Amino acid sequence: MSAARRELARVAGNVAACVACPRLAAYVAGFRTDPAYWARPVPGFGDPEARLLVFGLAPGAHGANRTGRPFTGDGAGVFLYRALHEAGLATAAVATGRDDGLALRDAFVTNAVKCAPPSNLPRPDEVARCSAHLDAELEALRGIRAVLALGRVAHDAWLRREARRRPGLRLKDFPFAHGAVHRPAPDAPAVVDSFHPSRYNVNVGVLTWPMFLAAMRAAAALAAPPGPTSSSGQFRGSKR
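A. Quick look at the pattern of salt bridges. Counted according to the given criterion, the structure contains 13 salt bridges. Arg 123 is paired through a salt bridge with Glu 126; the nearest N and O atoms lie 3.8 Å apart. As a salt-bridge pair, Arg 161 and Glu 162 come within 3.6 Å of each other at their nearest N and O atoms. A relative accessible area of 6% places Arg 161 in the buried class.

Following this line, the structure appears as structure tokens:
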């Protein structure tokens with residue numbers, strides 16, 4: 001087992017045992033009446049040598065909070081893992097649970113907040129408190145070159161993290177827009193924005209499959225090792 005894999009396993013154990021946010025801990029604990037639910041904080045998932053980070057806000061109450069793996073078990077995961085597979089980053093297009101055998105190659109999926117929050121909305125203090133777990137994951141993931149931010153709130157959470165590490169960086173200089181590519185600093189990972197692949201966004205047509213796949217491929221191209229790559233990922237998109 002590689003050092004990165006060992007460190008991520010240690011971090012995952014700390015995440016799953018965390019009760020630092022009383023409101024979130026109580027909410028998640030309420031799901032334990034159903035033995036089919038993971039009902040704990042959800043660690044990130046993927047390749048310890050990943051170059052691409054897929055970044056969301058928080059687990060879904062009946063998705064990742066049920067299965068114990070980010071973006072697994074709900075509508076958002078249907079789009080996400082299909083796109084990862086199409087981009088050559090996942091061994092299968094469908095994710096059903098922690099024991100389904102799916103593996104990621106050169107990609108890692110995680111959330112800013114590891115607990116499912118009421119109404120899908122963590123409070124700012126909860127995002128800040130959980131940042132220690134995200135920092136620990138990223139300390140193990142030394143090769144991240146690009147971030148696919150799933151939704152405006154995830155975009156803001158990632159850039160606030162960058163701003164804490166780089167005084168002077170201003171969020172207003174990096175407005176969210178689907179398909180936009182941001183470079184917060186020369187030594188920071190590039191950020192590609194995407195509308196969140198929620199069932200609602202897909203059903204009302206805010207996000208289509210071609211739009212999401214294009215954003216995924218753009219992020220994968222930016223994360224790829226130096227060398228001949230397609231420039232198709234360099235695109236601008238809608239601000240809807």
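B. The arrangement of helix H6 (residues 152-165) in detail. The first and last C-alpha atoms of H6 sit 20 Å apart over 14 residues, in line with the 20 Å expected at 1.5 Å per residue. Along H6, the positions that sit buried rather than exposed are Ala 154, His 155, Ala 157, Trp 158, Leu 159, Arg 161 and Glu 162. Packing partners of the buried residues in H6 comprise strand S2 (52-56), helix H5 (124-140), strand S4 (146-150), strand S5 (181-182) and strand S6 (190-194).

C. Representation of the packing of aromatic side chains in the model. Summed over all chains, the structure comprises six aromatic pairs. Seen from their ring centres, Tyr 27 and Phe 31 are 5.3 Å apart, and the 85 degrees between their planes marks the pair as edge-to-face. With relative accessibility at 15%, the residue Phe 31 sits in the buried group. On the basis of an interplanar angle of 50 degrees and a centroid distance of 5.9 Å, the ring pair of Phe 176 and Phe 195 is categorised as tilted. Of this pair, Phe 176 sits in the loop between H6 and S5 while Phe 195 sits in the loop between S6 and helix H7 (199-203), and the two are 19 residues apart along the sequence. Exposure class is identical for Phe 176 and Phe 195. Each is buried. One aromatic cluster is present, built from ring pairs that chain together Tyr 27, Phe 31 and Tyr 37. Here the basic side chain of Arg 69 rests over the ring of Tyr 81, its NZ or CZ set 5.9 Å away from the ring centre. Its end group placed over the ring of Trp 209, Arg 82 keeps NZ or CZ at 3.7 Å from the ring centre.

D. How the structure looks around the nonpolar core. Membership of the largest hydrophobic core comes to 36 residues, with the highest contact counts inside it found for Leu 52, Leu 80, Tyr 81, Leu 84, Leu 104, Phe 212 and Met 216. Every element with two or more residues in this core is listed here: S2, helix H4 (75-86), strand S3 (107-111), S4, S6 and helix H8 (209-223). In this view, Phe 212 contacts Phe 79, Leu 80, Ala 83, Leu 150, His 178, Ser 194, Phe 195, Pro 197 and Leu 207; residues no more than four positions away in its chain are not counted. Among the nonpolar cores identified, the runner-up in size contains 18 residues, and Leu 8, Phe 55, Leu 134 and Ala 149 belong to it.

E. Geometry of the packing of helix H1 (residues 3-17) against H5. As a packed pair, H1 and H5 sit with axes 9 Å apart at the nearest point and diverge in direction by 170 degrees. Of the possible angle classes, the one that applies to H1 and H5 is roughly antiparallel. Here Ala 4, Glu 7, Leu 8, Val 11, Asn 14 and Val 15 of H1 come into contact with H5, specifically with His 133, Ala 136, Glu 137 and Ala 140. Residue composition of the contact of H1 with H5, by class: six nonpolar, two polar and two charged.

F. Here's a closer look at the side chain of His 155. Relative to the helices and strands, His 155 is located in helix H6. Ignoring anything within four residues of it in the chain, the contact list for His 155 reads Ala 149, Phe 174, Pro 175, Phe 176, His 182 and Asp 193.

Procedures and definitions
- Residues numbered from 1 in each chain as written.
- Predicted model: local features only at pLDDT ≥ 70, side-chain atom pairs only at ≥ 80, totals over all residues.
- Heavy atoms only, no water.
- Salt bridge = Lys/Arg side-chain N within 4 Å of Asp/Glu carboxyl O.
- Buried < 20%, exposed > 50% of the residue type's maximum accessible area, 1.4 Å probe, protein only.
- Helix = DSSP H or I, 4+ residues; strand = E, 2+ residues; numbered from the N terminus.
- Expected span 1.5 Å × (residues − 1).
- Contact = heavy atoms within 4.5 Å.
- Phe/Tyr/Trp six-rings, centres within 6.5 Å; stacked < 30°, edge-to-face > 60°.
- Lys NZ or Arg CZ within 6 Å of the ring centre and 35° of its normal.
- Core = buried A, V, L, I, M, F, W, Y, C linked by side-chain atoms within 4.5 Å.
- Axes fitted to C-alpha atoms, helices over the stretch in contact; angles between N-to-C directions.
- Parallel < 35°, antiparallel > 145°, perpendicular 65-115°, else oblique.
- Nonpolar A, V, L, I, M, F, W, Y, C, P; charged D, E, K, R; others polar.

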